[in-house]
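Architecture at a glance
As a plain string of letters, each chain reads:
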Amino acid sequence: MFIDIHAHVRTVAGPRYLNGLPSFALADELLQIYDKLEVERGVMLPVVSPECSFCVQSNEEIIELSRQNERFIPFCNIDPRAVTNSSDADLGHLLQHYKDEGCRGIGEVTCNLHILDPKVQNLFKHAEEVGLPLTFHLASTDKGGFYGLVDEPGLPGLELSLSRFSNLKFFGHSQTFWAEIAPLETVGDRNGYPNYPIKVEGVIPKLMRKYPNLYGDLSAGSGHNALARDEEYAIKFLNEFQDQLMFGMDICTPSNQPRLPSFLCKLKDEGKIPETVFNKIARLNAINILGL
């Protein structure tokens, strides 16, 4: 029924606990969750940036895991500071190598640099040239304690990037990204889960309408909250952007209880979104975009 566009897995070498809580699920644990929720396959996103150093892993680990089980779809991940820590680093040969090894995309990009940092723009340039989509986590600040690319309210840096790299498919994700589905009432809403109704559309639908290379990764609490905070608007949003939205869960511990599967199924079963729209978001968009 579903393809998970945003998944992480703990390799045997990874730490078992983070701040006293279990870290990413092991492969078998994740597959048990998938079986329960009728998830066919999942996109495995390596963690490589030091901002997420609690679980740094290699692209090779994810590739090998995906070769062992075809339900796992490998992405590669290259930190923009890699190779020479400069804006002219040749990242293209690395991306092409991992594409040749079977990786279907890049991400999750979590470095805490401004989205318009020349090193980040260099990564986008090479990603576009190699022809791999890119999943990014958006953050509100680089002042410490956060991970993800930084942009200001209104996401002007994201818009400029979408314009500059019109052939690069951007998969947007995180609280800071999805909070902008509506105008922000407070700056603090960028780091949380706003629960007020969506009376006026925000930046995200405007950008998705203007830039067909922006896709919505509906994973985690942030993706679910963007829809569940206002079901009436969610129905309009899902219908309009049915070709640019993708189901995801972002399970970070074996005990995670994702709410998006039941929410989308409820809308379908109640006839609030057509089955054709549900199928696109649940699995077909991922199949088409990633060439599965």
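Quick caveat: nothing in here was measured; it's all calculated off a predicted structure.

Reading guide: rules and limits
- Residues numbered from 1 in each chain as written.
- Predicted model: local features only at pLDDT ≥ 70, side-chain atom pairs only at ≥ 80, totals over all residues.
- Heavy atoms only, no water.
- Helix = DSSP H or I, 4+ residues; strand = E, 2+ residues; numbered from the N terminus.
- Buried < 20%, exposed > 50% of the residue type's maximum accessible area, 1.4 Å probe, protein only.
- Contact = heavy atoms within 4.5 Å.
- Areas by Shrake-Rupley, 256 points an atom, 1.4 Å probe, with all protein chains shown as cover.
- Lys, Arg positive; Asp, Glu negative; His and termini not counted.
- Charge placed at Lys NZ, Arg CZ, Asp CG, Glu CD.
- Phe/Tyr/Trp six-rings, centres within 6.5 Å; stacked < 30°, edge-to-face > 60°.
- Axes fitted to C-alpha atoms, helices over the stretch in contact; angles between N-to-C directions.
- Parallel < 35°, antiparallel > 145°, perpendicular 65-115°, else oblique.
- Left-handed = near helix turned anticlockwise from the far one by under 90°.
- Nonpolar A, V, L, I, M, F, W, Y, C, P; charged D, E, K, R; others polar.
- Pairing = 2+ DSSP bridges.
- Right-handed = clockwise from strand over helix to strand, strands pointing away.
- Polar contact = N/O pair within 3.5 Å; in protein donor to acceptor, adjacent residues only side chain to side chain.

**Section: the overall build of the chain**
- A tally of regular secondary structure across the chain gives 11 helices and 11 strands.
- C-alpha extents for the chain along the principal axes are approximately 50 × 40 × 40 Å.
- Residues classed as buried in the chain amount to 56% of the 292 residues present.
- Expressed as a percentage of contacts within the chain between residues at least 6 apart in sequence, the contacts between residues at least 24 apart total 75%.
- If you sum the accessible surface of the chain, you get close to 12,100 Å²; carbon and sulfur atoms cover 50% of it.
- Between the averaged position of the 27 positive side-chain charges in the chain and that of its 38 negative side-chain charges there is a distance of 3 Å.

**Quick notes on the packing of aromatic side chains**
- Tallied over the full model, the rule gives 11 aromatic pairs.
- Ring centres 5.7 Å apart and planes at 65 degrees place the aromatic pair Phe2 and Phe278 in the edge-to-face group. Of the two residues, Phe2 sits in strand 1 (residues 2-7) while Phe278 sits in helix 11 (residues 275-290), which places them 276 residues apart along the sequence.
- A relative accessible area of 1% places Phe2 in the buried class.
- Where Phe136 meets Phe177, the ring centres are 5.9 Å apart and the plane angle is 85 degrees; that geometry is what we call edge-to-face. In this pair, Phe136 sits in strand 7 (residues 134-139) while Phe177 sits in helix 6 (residues 175-178), placing the two residues 41 residues apart along the sequence. The pair Phe136 / Phe177 is uniform in exposure class, with both members buried.
- Linked through ring pairs, Phe124, Phe136, Phe165, Phe170, Phe177, Trp178, Tyr233, Phe237 and Phe241 together constitute an aromatic cluster.

**Considerations on the environment of Ile287**
- Looking at where Ile287 falls in the secondary structure, it is placed in helix 11.
- Residue contacts for Ile287: discarding those within four places in its chain leaves Ile3 and Leu292.

**Regarding the packing of helix 3 (residues 92-100) against helix 4 (residues 118-130)**
- Across the interface, helix 3 lies against helix 4 with an axial gap of 9 Å and an inter-helix angle of 40 degrees. With respect to each other, helix 3 and helix 4 are oriented oblique. Where helix 3 crosses over helix 4, the handedness of that crossing is right-handed. Here Gly92, Leu95, Gln96 and Lys99 of helix 3 lie close against helix 4, whose contacting residues are Leu123, His126, Ala127 and Val130.
- Grouping the amino acids of the contact of helix 3 with helix 4 by side-chain chemistry returns 4 nonpolar, 3 polar and 1 charged.

**So, the pairing of strand 6 (residues 106-109)**
- Pairing between strand 6 and strand 7: 2 bridges, direction parallel. Opposite Ile106, over in strand 7, you have Leu134 as the bridge partner.
- Between strand 6 and its parallel partner strand 7, the chain crosses via helix 4, and the hand of that crossover is right-handed.

**A look at the packing of helix 8 (residues 220-228) against helix 10 (residues 260-269)**
- The geometry of helix 8 relative to helix 10 is characterised by a closest axis approach of 10 Å and an angle of 30 degrees between their N-to-C directions. Viewed along their axes, helix 8 and helix 10 adopt a mutual orientation that is roughly parallel. Seen along the crossing, helix 8 lies across helix 10 with a hand that is left-handed. Of the residues in helix 10, those in contact with His224, Leu227 and Ala228 of helix 8 are Leu260, Phe263 and Leu264.
- When grouped by side-chain class, the residues that make up the contact of helix 8 with helix 10 number 5 nonpolar, 1 polar and no charged.

**Notes on the side chain of Asp79**
- Along the chain, Asp79 falls in the loop between strand 5 (72-74) and helix 3.
- Polar contacts involving the side chain of Asp79 include one to the side chain of Ser49, which spans 2.7 Å.
- With near-sequence residues (within four places) excluded, Asp79 lies in contact with Val48, Ser49, Pro50 and Cys111.

That's the geometry; what it means functionally is another story.
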